Amino acid sequence: QVQLVESGGGSVQAGGSLKLSCAASGYTWRSCLAWFRQAPGKEREGVARMYVGGGDTYYGDSVKGRFTISHDNAGNTLYLQMDSLKPEDSAMYYCAARLAGCVAGLVHSDFAFWGQGTQVTVSS
């Protein structure tokens, strides 16, 4: 049984930083772990994903160069370091898991397991 629990969200001014955490269980080294976000009235957007076994990463265009995804094997935790935050980054952030590795791109339908989300608000 896969369980994903996000934490670390909050309010920050534009240009600031936040680091999100996702405590994960029930996945393996073959899994793909990811972050998505969704603002009110908008479609869920892929932020970043990481193949646990190989360490390769992929980022959505809107966050490239500003966000960093990483994984702590010992603690079974997925992280999202967010720097140079912009008001348009405000959203509910979710972690997600795909057990059979990553596939091309980053779309929500590829991921079967989801956390409950953590809110990020960036003010100007």
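Now for a description of the structure that goes with this document.

What counts as what
Residues numbered from 1 in each chain as written. Predicted model: local features only at pLDDT ≥ 70, side-chain atom pairs only at ≥ 80, totals over all residues. Heavy atoms only, no water. Pairing = 2+ DSSP bridges. Helix = DSSP H or I, 4+ residues; strand = E, 2+ residues; numbered from the N terminus. Axes fitted to C-alpha atoms, helices over the stretch in contact; angles between N-to-C directions. Buried < 20%, exposed > 50% of the residue type's maximum accessible area, 1.4 Å probe, protein only. Contact = heavy atoms within 4.5 Å.

The pairing of strands in a sheet comes from backbone hydrogen bonds and takes either a parallel or an antiparallel form. If you walk across this open sheet you meet the four strands as β1-β3-β8-β7, and the pairing is antiparallel. Every interior strand has two partners, whereas the edge strands, β1 (3–7) and β7 (67–72), have only one. Pairs of neighbouring strands in the sheet enclose a mean axial angle of 15 degrees, with direction left out of account. Bridging between β7 and strand β8 (residues 77–82) involves six bridges; their strand directions are antiparallel.

On strand β11 (residues 118–123), burial follows the alternation: Thr-118, Val-120 and Val-122 on one face are buried, whereas Gln-119, Thr-121 and Ser-123 on the facing-out side are not. Here four bridges tie strand β2 (residues 10–13) to β11, and the two strands are oriented parallel to one another. Looking at the pairing, Val-12 lines up with Val-122 of β11. Note: strand β9 (residues 91–98) against β11, three bridges, orientation antiparallel. Residue pairing in the sheet places Ala-91 in a bridge with Val-120 of β11.

Attention shifts here to unusual backbone geometry. With phi around 50 degrees, Asn-76 is a residue other than glycine that occupies positive phi space. Within the fold, Asn-76 resides in the loop between β7 and β8. For Asn-76, a relative accessible area of 35% corresponds to the partly exposed category. Residue Ser-84 is not a glycine yet carries a positive backbone phi of 50 degrees. Examined against the element boundaries, Ser-84 turns out to sit in the loop between β8 and β9.

Residue placement: Leu-99 occurs in the loop between β9 and β10 (113–114). Residue contacts for Leu-99: discarding those within four places in its chain leaves Val-2, Gly-26, Tyr-27, Thr-28, Arg-30, Ser-31 and Phe-113.

Coordinates in, geometry out; function isn't part of it.
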